[in-house]
Amino acid sequence: MSVRIAPSILSADFAALGEAIAAAERGGADLIHVDIMDGHFVPNLTMGPPVVRSIHKVARVPLDVHLMIEEPDRYIEAFAEAGAAMISVHVEAVPHLHRTIQAIKELGVKAGAALNPSTPVGALDEIVDDLDHVLVMSVNPGFGGQTFIQRSESKIKSIRALLDRRGSAAPIEVDGGIDLSNAARVVEAGATILVAGNSIFGTGDPERATRALRAAATLRAGV
Ligand code: DX5
Ligand code: ZN
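Rules of the game
Residues numbered from 1 in each chain as written. Chains lettered and ligands numbered in written order. Predicted model: local features only at pLDDT ≥ 70, side-chain atom pairs only at ≥ 80, totals over all residues. Heavy atoms only, no water. Donors = N, O, S within 2.8 Å, 3.2 Å for Na, K, Ca; no water. Tetrahedral: all angles 85-135°; square planar, octahedral: opposite > 155°, others 65-115°. Helix = DSSP H or I, 4+ residues; strand = E, 2+ residues; numbered from the N terminus. Buried < 20%, exposed > 50% of the residue type's maximum accessible area, 1.4 Å probe, protein only. Axes fitted to C-alpha atoms, helices over the stretch in contact; angles between N-to-C directions. Parallel < 35°, antiparallel > 145°, perpendicular 65-115°, else oblique. Left-handed = near helix turned anticlockwise from the far one by under 90°. Contact = heavy atoms within 4.5 Å. Nonpolar A, V, L, I, M, F, W, Y, C, P; charged D, E, K, R; others polar.

## Quick notes on the coordination of the zinc ion (ligand 2)
Next, step 1: Bound to the zinc ion (ligand 2) on the protein side are His33 (NE2), Asp35 (OD), His66 (ND1) and Asp175 (OD), at distances that span 2.1 to 2.3 Å.
Next, step 2: What the six donor atoms of the zinc ion (ligand 2) show is an angle range of 71 to 171 degrees at the metal, which sorts the shape as octahedral.
Next, step 3: One chain supplies every donor to the zinc ion (ligand 2), and in sequence these donors are spaced H-x1-D-x30-H-x108-D. Of the two residues, Asp35 sits in strand E2 (residues 32-37) while Asp175 sits in strand E7 (residues 172-175), which places them 140 residues apart along the sequence.
Next, step 4: By relative accessible area, Asp175 is classed as buried at 8%.

## Focus: the packing of helix H1 (residues 17-26) against helix H2 (residues 49-58)
Next, step 1: The geometry of H1 relative to H2 is characterised by a closest axis approach of 10 Å and an angle of 45 degrees between their N-to-C directions. In terms of orientation, H1 lies oblique with respect to H2. Two packed elements cross with a definite hand, and for H1 against H2 that hand is right-handed. Between H1 and H2, the contacting residues are Leu17, Gly18, Ile21 and Glu25 on the first element and Val51, Ile55 and Val58 on the second.
Next, step 2: Tallied by class, residues from the contact of H1 with H2 come to five nonpolar, one polar and one charged.

Geometry only, nothing functional implied.
Rendered as structure tokens:
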């Protein structure tokens, strides 16, 4: 399965999002990762559906919307209408995950479950067959630029094994602290969507950084 690079605009200049997205796309971005934070589920605040709608107008690649919010059910339709192609909700934030995942799919959007670093793989047992993707947080959600938690590598392996056992081809997305030093390792562990904020938009040249991350991710893994 080929690797997809999903630059996270959380680390971009919010006054120049169009330019940031265009640069990442020139570098070969496959998706644009959009982090939605509500100041409750995570301590930080970011943006809502109107900004996503504007991003959708300028982006040429699909939008991967990561909801780090309480009560995501209230906003799923608005994000779908704003142009999300993929929506991930945190298993820690929803009491009726099965219902939420079905609701996302009914809107014609790919549905994923996101796991915080401390959430065990077993949280996916009863929902794995319904998921279009799994998002593994490799930092505690809320901020860009944090250090990759090493244990995430074995967690990715366990989730890939679980998906394979159940006959699911759902991709694993890894999010947090991904850079040139660990990209190949997470791909070897089984991740095929790499989210990267700081290592792309924290550099002076997001186009080049996107290209470099793909090269690093596919080097040793040979994919
Ligand atoms: C963190 C967000 C990430 C963040 C990743 O809560 O979910 O998507 O933008 O940023 P980096 O790559 O800087 O860790
Ligand atoms: Zn994210």
